[in-house]
Amino acid sequence: MNNVNIPSSEQDLLERAQNLAGLSLGEIAKHAGIVVPPNLTRNKGWVGLLLEQVLGASAGSRPEPDFPHLGIELKSLPINEQAKPLETTFVSVAPLTGLVGINWHNSYVRKKLARVLWVPVISAKEIPIAERLVGMPFLWSPNEEEEALLAQDWQELTDMIVLGEVENIQGKHGQVMQLRPKAANSKVKTQAFDKNGKPFMTLPRGFYLKINFTQGLLHRYLRVN
DNA sequence: CGGTGATCATCG
DNA sequence: CGATGATCACCG
């Protein structure tokens, strides 16, 4: 069963998402006719895919926003009962080549994060998948401070890539956004350039939002209204 | 193969 | 016990 039911507007999408607040993943899955896996070990993207389907996002792996006509990206956000994110948030694969002419302003990361529908899910490990509750979804765009932090980290990480130092980048780099492996396993390789400009093969990387960043925006939206 | 959706699992 | 590096499933 596919999404015949595509949200017509940002407001429509937001309302639909907010109607999920308080529901359990089990209830939502049942309504959608989807079986809840016993755990996420072999279904790591399950929550995100469930929400995509229920909210009428376009499926597939195309590098586009989940709602192309609205320019909105959908992100599930696992949190604990104290509203603290439990995991970093994957943003996108990091380009390791073809970076000439790319800057923060025209970067893919900035585009992806321009408008995000965050759907918090209380996902403490001890809670069975089906019993995990959806929190209050909210639409977010970076404010000036957030965008400055993202731009700074993106620049630092991209500079290192351009200088051929991608293999010296560790998770600790970046204040709010980091670069980490993003692959099926550590044997997967993609092309990059070393510091002498020579091509070599390395592990694909992705940009991830650190927990302090998503925690901050969560608080910004949950606090004053 | 390289993108999407992410969480797992081990280490300090 | 949090953060980093590694990993899993699916799609076109």
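The rules behind each value
- Residues numbered from 1 in each chain as written.
- Chains lettered and ligands numbered in written order.
- Predicted model: local features only at pLDDT ≥ 70, side-chain atom pairs only at ≥ 80, totals over all residues.
- Heavy atoms only, no water.
- UniProt positions renumbered as here; feature names shortened; annotations may be inferred.
- Helix = DSSP H or I, 4+ residues; strand = E, 2+ residues; numbered from the N terminus.
- Rg over C-alpha atoms; globule rule 2.2 N^0.38 Å.
- Buried < 20%, exposed > 50% of the residue type's maximum accessible area, 1.4 Å probe, protein only.
- Contact = heavy atoms within 4.5 Å.
- Areas by Shrake-Rupley, 256 points an atom, 1.4 Å probe, with all protein chains shown as cover.
- Pairing = 2+ DSSP bridges.
- Axes fitted to C-alpha atoms, helices over the stretch in contact; angles between N-to-C directions.
- Phe/Tyr/Trp six-rings, centres within 6.5 Å; stacked < 30°, edge-to-face > 60°.
- Near = heavy atom within 4 Å.
- Polar contact = N/O pair within 3.5 Å; in protein donor to acceptor, adjacent residues only side chain to side chain.
- Nonpolar A, V, L, I, M, F, W, Y, C, P; charged D, E, K, R; others polar.

In the annotation of an unreviewed UniProt entry, the entry for chain A reads DNA mismatch repair protein MutH, and the organism field reads Colwellia echini. Regarding chain A, the UniProt comment filed under Subcellular location (unreviewed entry) reads as follows: "Cytoplasm".

(A) Layout of the overall build of chain A. Secondary structure assignment for chain A yields six helices and eight strands. Starting at the N terminus, the α and β elements of chain A follow one another as α-α-α-β-β-α-β-β-α-β-β-β-β-α. The C-alpha atoms of chain A give a radius of gyration of 18 Å, which matches the 17 Å a tight globule of 225 residues would have. Buried residues in chain A amount to 41% of all 225 residues. Residue pairs at least 24 apart in sequence account for 65% of intrachain contacts in chain A once pairs closer than 6 positions are excluded. Accessible surface computed for chain A: about 12300 Å², of which carbon and sulfur atoms make up 53%.

(B) Highlighting the sheet that holds strand β4 (residues 138-140). Read across the sheet, three strands follow the order β1-β3-β4 without closing on themselves; strand pairing throughout is mixed. Looking at which strands have only one partner, the edges of the open sheet turn out to be β1 (73-79) and β4. Shown here is a sheet whose adjacent strand axes are inclined to one another by a mean of 35°, direction ignored. As paired strands, strand β3 (residues 116-122) and β4 are joined by three bridges and run antiparallel to one another. Across the sheet, W118 pairs through a bridge with F138, a residue of β4. The strands that helix α3 (residues 46-55) touches are β1 and β3; relative to β1, the one it contacts most, it runs at about 135°.

(C) Spotlight on the packing of aromatic side chains. Taken as a whole, this structure holds five aromatic pairs when the rule is applied. Between the aromatic rings of F90 and Y208, the centroid separation amounts to 5.4 Å while the plane-to-plane angle is 65°, which identifies the pairing as edge-to-face. Of the two residues, F90 is situated in strand β2 (residues 89-93) and Y208 in strand β8 (residues 205-209); the sequence distance between them amounts to 118 residues. Relative accessible area serves as the criterion here: at 23%, F90 is assigned to the partly exposed category. Between the aromatic rings of W140 and F213, the centroid separation amounts to 6.0 Å while the plane-to-plane angle is 80°, which identifies the pairing as edge-to-face.

(D) Just the protein's contact with DNA strand C, in detail. Neighbouring DNA strand C are 18 residues; R42, K44, R180, A183 and S186 lie closest to it. Counting only atoms of DNA strand C within 4 Å of the protein, the fraction found in sugar and phosphate groups is 54%. Measuring from a base oxygen of DNA strand C, one finds a backbone N or O atom of A183 at 3.3 Å. One of the backbone nitrogen or oxygen atoms of S186 is found 2.7 Å away from a phosphate oxygen of DNA strand C. Ranked by residues supplied to the surface near DNA strand C, first place goes to strand β5 (residues 177-181) with three residues. When its residues are assigned to classes, the surface near DNA strand C shows five nonpolar, eight polar and five charged.

(E) Representation of the protein's contact with DNA strand B. Taken together, 25 residues sit near DNA strand B, with E73, S76, K125, K182 and Y208 positioned nearest. When the atoms of DNA strand B within 4 Å of the protein are grouped by moiety, sugar and phosphate amount to 60% of the total. One of the side-chain nitrogen or oxygen atoms of S76 is found 3.0 Å away from a phosphate oxygen of DNA strand B. Side-chain polar atom of K182 to a base oxygen of DNA strand B: 2.3 Å apart, as the coordinates give it. Of all the secondary structure elements, the ones that give two or more residues to the surface near DNA strand B are α3, β1, β2 and α4 (108-112). For the surface near DNA strand B, the element with the highest residue contribution is β1, accounting for four residues.

(F) Up close: the sheet that holds β8. Strand order in this open sheet of three strands is β2-β8-β5, and the pairing throughout is antiparallel. Edge strands, defined here as strands with exactly one partner in the open sheet, are β2 and β5. The mean inter-strand angle of the sheet, taken between neighbouring strand axes irrespective of direction, is 35°. Bridging between β5 and β8 involves five bridges; their strand directions are antiparallel. Of the residues in β8, the one forming a bridge with M177 is L209. Strand contacts of helix α5 (residues 144-162): β5 and β8, with the helix running at about 40° to β5, the strand carrying the most contacts.

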